[in-house]
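Descriptive structure summary
So the chains spell out like this:
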Amino acid sequence: MKAQEKPKYVQEARELLDSINIDNLIKNPNTLQEIKKINRLIAIFTNFSFNDGQELRRLFLVFQKWARSSTRTGTIQNRAVDMMQFIDQKIEEMDVYVIDEPIESSRDRIIKNLKNEKLWFRSSLEGKDLHILIGEREDKHGEHVHLISDSDTGEIRVHAEDKSPKDLIERVAVITTKSGATIGVAQYGVKTTMEYIDKASDNSNAPILYATGIRRSGGPSGQFEYITIKNIGKEIALDIHWGIRGFAYEWRPSEEPFELELNKDKEVVFPMPQDVLSEVIPELNVIMEYKDANGKTYFTRRELIQIKVPSGAFYELKAGTFYPPSILVDDGLRLISGPADNSDRVEAIFKINTKEGVKKVMIGISRTFLSVWGFDAPDAIKQALLELGHRKIRRMVKENSLNDYVFVTSDFPLDYHGGFGGYKKVRDSI
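Residues numbered from 1 in each chain as written. Predicted model: local features only at pLDDT ≥ 70, side-chain atom pairs only at ≥ 80, totals over all residues. Heavy atoms only, no water.

**Comments concerning unusual backbone geometry**
Peptide bonds are trans in most cases, and residues, glycine excluded, mostly fall at negative phi. Along the chain, Gly 338 connects to Pro 339 via a cis peptide bond; the corresponding omega equals 5°. Along the polypeptide, Pro 339 turns up in strand β18 (residues 334-342). A positive phi is found at Asp 239, a non-glycine position, where the angle reads about 50°. When you line up the elements, Asp 239 lands in strand β11 (residues 237-246). (Helix = DSSP H or I, 4+ residues; strand = E, 2+ residues; numbered from the N terminus.)

Here it is as structure tokens:
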């Protein structure tokens, strides 16, 4: 499978997985419409990895054998779940796997891929010119911005046949000097910041922890979610801590941290508490914090989607979007007091390390904002202060404008006011 073809196949595999009617297949394992979908998935997996394709073929044949010859519905359903879980896991692994293109002798062509929750990025060194493609992950038409950096003049131009960059790009301003130093320039309105980009912070060879293989098991002792944590990176992951975190919710296991060699995995257990079983927890994630062999600390997460079981009695968990690791740097930002009521607002005091020393900052949220967001529980109010405070303070430090700040409705559009979605818009706009 070529690197440029992978997103297309990942998208097709996801659509096939979503379209499979497993109930029909269990009732009639000879349903040609569903068999065609499985066969197509086998072909896609084989194109990506021969072993993955053959394993899906084996799981499907085992399912068909039991479905055709047995009346044990529990066993048949288990075989179907094994197959569907394998498909989901391999799609996610295929999505995050980076395919290194071979260097073509006619034009030294090296391709790199990167993405976040909203955009995908791809760079291609063709001859001496650098080509950069940027697109939206949810754009079904595949439209993208195509920038070309001229190796001789340093000029950055837009490929005439592709999308205008104005919808995606604010400004392109990165300077690489002959000495190897890289300088990044960012503009926010009329304010401009400029800093050296530390190449040592590159984590392309870092350990990458990936949560996968989520399965449920229940009985008289309760409901349990089993999660496989796998190191899909290129180095050992040390001092691994994991947990489940949502908005105003966090659970951590009592066992000691562990380590994972590359390509090794460990199954961990989340005993589902009543609040997660019966209520939707916003922004639920499995989180992982760990270190590499040099002591650098990383954080990664994967979204967890709560889905009602067929009986409607409780929720189970399904894996969602995976977020690649980020490096954790301690800038000393801490909540030191609060939350505390102060007339028409709730406020808290933070401290942070700056070039001028440790400084204290007050962050407040108006009672009106808390009301329209629906935040009345102390845990929700504290979580909102922590998230908004951390983002706002770091933004102010970057812009050299550190001051006390209160979030009030008059400073934001009306669609930033309603419910949890409005809160997210405020938070994500910082």
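**Thoughts on the sheet that holds strand β14 (residues 265-271)**
One key point about sheets: their strands pair by backbone hydrogen bonds, in either a parallel or an antiparallel sense. Taken in spatial order, the three strands of this open sheet run β9-β10-β14, and their pairing is antiparallel. Looking at which strands have only one partner, the edges of the open sheet turn out to be β9 (209-219) and β14. On average, each strand axis in the sheet is tilted by 25° relative to the strand beside it, whichever way the strands run. Direction of pairing for β9 relative to strand β10 (residues 222-231): antiparallel, over a ladder of nine bridges. (Pairing = 2+ DSSP bridges. Axes fitted to C-alpha atoms, helices over the stretch in contact; angles between N-to-C directions.)

**Some words on the environment of Leu 385**
Relative to the elements of secondary structure, Leu 385 occurs in helix α8 (residues 378-398). A relative accessible area of 2% means that Leu 385 is categorised as buried. Residues Leu 385 and Val 346 lie 39 residues apart in sequence; the distance between their C-alpha atoms is 8.5 Å. Not counting the four nearest positions on each side in its chain, Leu 385 is found in contact with Pro 339, Val 346, Glu 347, Ala 348, Phe 350, Ile 363, Gly 364, Ile 365 and His 390. (Buried < 20%, exposed > 50% of the residue type's maximum accessible area, 1.4 Å probe, protein only. Contact = heavy atoms within 4.5 Å.)

**Remarks on the packing of helix α4 (residues 50-69) against helix α5 (residues 73-96)**
At their nearest, the axes of α4 and α5 sit 9 Å apart, and the two run at 165° to each other. The orientation of α4 with respect to α5, classified from their angle, is roughly antiparallel. Crossing angle aside, the handedness with which α4 passes α5 is left-handed. On the side of α4, the interface is formed by Asp 52, Glu 55, Leu 56, Leu 59, Phe 60, Val 62, Phe 63, Trp 66 and Ala 67, while α5 contributes Thr 75, Ile 76, Arg 79, Ala 80, Asp 82, Met 83, Phe 86, Ile 87 and Lys 90. Class assignment of the residues belonging to the contact of α4 with α5 gives a composition of twelve nonpolar, one polar and five charged. (Parallel < 35°, antiparallel > 145°, perpendicular 65-115°, else oblique. Left-handed = near helix turned anticlockwise from the far one by under 90°. Nonpolar A, V, L, I, M, F, W, Y, C, P; charged D, E, K, R; others polar.)

**Quick notes on the packing of aromatic side chains**
What describes a pair of aromatic rings is the distance from one ring centre to the other and the angle between the planes of the rings. Enumeration over the complete set of coordinates arrives at 19 aromatic pairs. The positively charged end of Lys 8 is found above the aromatic ring belonging to Tyr 9, 4.8 Å away from the centroid. Across from the ring centre of Tyr 323, 3.7 Å away, lies the NZ or CZ of Arg 301, which sits over that ring. (Phe/Tyr/Trp six-rings, centres within 6.5 Å; stacked < 30°, edge-to-face > 60°. Lys NZ or Arg CZ within 6 Å of the ring centre and 35° of its normal.)

**Quick word on the sheet that holds β18**
Spatially, β18-β19-β20-β21 is the arrangement adopted by the four strands of the open sheet, whose pairing is mixed. Each end of this open sheet is capped by a strand with a single partner; those strands are β18 and β21 (405-407). Across the sheet, the axes of successive neighbouring strands diverge by a mean angle of 20°, strand direction being ignored. Where strand β19 (residues 345-354) lies against strand β20 (residues 357-366), ten bridges are found, and the strand directions are antiparallel. Paired with Thr 354 across the strands is Gly 357, a residue of β20.

**Some words on the environment of Gly 419**
Relative to the helices and strands, Gly 419 is located in helix α9 (residues 419-428). Sequence separation between Gly 419 and Trp 373 is 46 residues, and the spatial gap between their C-alpha atoms is 4.0 Å. Setting aside residues no more than four positions away along its own chain, Gly 419 makes contact with Val 372 and Trp 373.

**Focus on the packing of helix α1 (residues 6-19) against α5**
In the contact formed by α1 and α5, the axes pass within 10 Å of each other and the chain directions differ by 160°. Between α1 and α5, the angle is such that the two are roughly antiparallel. Note that α1 runs across α5; the crossing there is left-handed. Facing Lys 6, Tyr 9, Val 10, Ala 13, Arg 14 and Leu 17 of α1, the residues of α5 in contact are Met 84, Ile 87, Asp 88, Ile 91, Glu 92, Met 94 and Asp 95.

**Some remarks on the confidence of the model for the chain**
Looking at the chain, the pLDDT average stands at 82 and 81% of residues meet or exceed 70. When the criterion is pLDDT under 50, residues 102-111 qualifies, and its contacts beyond four places in sequence or with other chains add up to 21 contacts. (pLDDT = per-residue confidence, 0-100.)

**A short note on the pattern of salt bridges**
Under the definition given, this model contains 24 salt bridges. The salt bridge partner of Arg 394 is Asp 331, with a shortest N-O separation of 2.7 Å. With Arg 394 in helix α8 and Asp 331 in the loop between β17 (315-327) and β18, this residue pair connects regions lying 63 residues apart in the sequence. Connected through shared salt-bridge partners, Glu 283, Glu 387, Arg 391, Arg 427 and Asp 428 make up one network. (Salt bridge = Lys/Arg side-chain N within 4 Å of Asp/Glu carboxyl O.)

**Some details on the layout of surface pockets**
Quantified by volume, the second largest pocket comes out at close to 1,300 Å³. The wall of the second largest pocket is formed by 33 residues, among which Val 81, Met 84, Gln 85, Ile 214 and Glu 316 lie closest to the centre. At the level of elements, α1, α2 (22-27), α5, β9, β16 (297-308) and β17 are the ones that each hand at least two residues to the lining of the second largest pocket. Examining the composition of the lining of the second largest pocket, we find that ten residues originate from one element, α5, more than from any other. (1 Å grid on protein atoms, 1.4 Å probe; cavity = no way out; pocket = protein on both sides within 12 Å on 5 of 7 lines; lining within 4 Å. Points joined across faces, edges and corners; volume = space filled by probe spheres on them.)

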